[in-house]
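Okay, here's what each chain looks like letter by letter:
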Amino acid sequence: MRASLLQIDVNEGESVESRRHRVTSLVRDQAGADLVVLPELWTTGAFAYQSFADEAEPLEGPTHDTMAKAASDAGVWLHAGSIPERGTDGSLYNTSLLFSPSGDLTAAYRKIHRFGFDKGEAVLMGAGQDLVTVRLPETTLGLATCYDLRFPELFRGLVDSGAETLLVPAGWPERRRSHWTLLAQARAVENQAFVLACGTAGTHAGVPQAGHSIVVDPWGEVLAQAGAGEEVLTVEFDPAKAATTREQFPALKDRVLGLDPPRRPE
Ligand SMILES: NC(=O)CCC(=O)C(=O)O
């Protein structure tokens, strides 16, 4: 499979409309890839909390429409990153969209772990409830978003649902770049899965972004990593390596199931 991760520079000097236009043409340029991945909340910026409500869109809003067309023009599976979604219940969600090569919306994942503790996304957006996996001809995708990367139980749930390739759009800050690389490798090793993690470049809301989008194989080897600026990171990988790694080093089979989860501290 050939995958292209589009590490987009997200900054307030460019309008949402102009960025959407620019990203659409970048996606179209990826014809020949099998899978294209965009970052988290690339229209607004993941830390631009004050613009979430103004820029929120219904699931099938302007970003959906332009990305559906770009996926079919390029003939690629497109993980279009995430949008600030205005749900039919009126709440906001951080929702990622996956399109088929014919431009159909195949899956939507509402981010489960919201970042910010008692501020920002954590209070402005609702939490997703559902794990999402998608069967492609070559592999089964598992969807997660940014801060989710810190929660291994979510990824284990995706693996239990058949995932072999884990897609993680993000808006990860430079301040914690070492965690980004470490966690991407950890999720790959412990789940014996590919991890394709696509972040943003630039600075928005005063938060410099880490960039350094990364592709890790099921053995934990880094197949490719971007630099700090806007970049198209292209990588070829054999998705069957998840199954062979699991056969040859069958650690997932040694899981002890049914352990009582520790109680959450008061
Ligand atoms: N947008 C996010 O989820 C940021 C996550 C983050 O900064 C971290 O986990 O560290």
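Residues numbered from 1 in each chain as written. Predicted model: local features only at pLDDT ≥ 70, side-chain atom pairs only at ≥ 80, totals over all residues. Heavy atoms only, no water.

- If you look the chain up in an unreviewed UniProt entry, it shows as Carbon-nitrogen family hydrolase from Streptomyces spinosisporus.
- Checking UniProt for the chain, the heading Sequence similarities (unreviewed entry) contains the comment "Belongs to the carbon-nitrogen hydrolase superfamily. NIT1/NIT2 family." (UniProt positions renumbered as here; feature names shortened; annotations may be inferred.)

## Comments concerning the sheet that holds strand 9 (residues 194–198)
Thought 1: Strand order across the open sheet formed by six strands is 6-7-8-9-12-13, with mixed pairing between neighbours. The open sheet has two free edges, formed respectively by strand 6 (133–135) and strand 13 (222–225), since each of these has just one partner strand. Within this sheet the neighbouring strands show an average axis-to-axis angle of 15°, counted without direction.
Thought 2: Bridge count for strand 7 (residues 140–143) against strand 8 (residues 165–169) is three bridges, and the pairing is parallel. (Pairing = 2+ DSSP bridges. Helix = DSSP H or I, 4+ residues; strand = E, 2+ residues; numbered from the N terminus. Axes fitted to C-alpha atoms, helices over the stretch in contact; angles between N-to-C directions.)

## Topic: the side chain of His 204
Thought 1: With respect to the helices and strands, His 204 occurs in strand 10 (residues 203–204).
Thought 2: Classification of His 204 by relative accessible area gives buried; the value is 0%.
Thought 3: Within polar-contact distance, the side chain of His 204 engages the backbone nitrogen of Ala 46 at 3.1 Å.
Thought 4: In contact with His 204, other than residues within four places in its own chain, are Val 10, Asn 11, Glu 12, Gly 45, Ala 46, Phe 47, Ala 48 and Gln 209. (Buried < 20%, exposed > 50% of the residue type's maximum accessible area, 1.4 Å probe, protein only. Polar contact = N/O pair within 3.5 Å; in protein donor to acceptor, adjacent residues only side chain to side chain. Contact = heavy atoms within 4.5 Å.)

## Digging into the side chain of Gln 7
Thought 1: Tracing the sequence through the fold places Gln 7 in strand 1 (residues 2–7).
Thought 2: Engagement of the side chain of Gln 7 in a polar contact is seen with the backbone nitrogen of His 212, the distance being 3.1 Å.
Thought 3: Within polar-contact distance, the side chain of Gln 7 engages the backbone oxygen of Gly 229 at 2.7 Å.

## A short note on the layout of surface pockets
Thought 1: Taken as a whole, the largest pocket encloses approximately 170 Å³ of empty space.
Thought 2: Around the largest pocket, the lining residues are Arg 156, Arg 255, Val 256, Leu 257, Gly 258 and Leu 259.
Thought 3: Here the lining of the largest pocket is composed, by residue class, of three nonpolar, one polar and two charged. (1 Å grid on protein atoms, 1.4 Å probe; cavity = no way out; pocket = protein on both sides within 12 Å on 5 of 7 lines; lining within 4 Å. Points joined across faces, edges and corners; volume = space filled by probe spheres on them. Nonpolar A, V, L, I, M, F, W, Y, C, P; charged D, E, K, R; others polar.)

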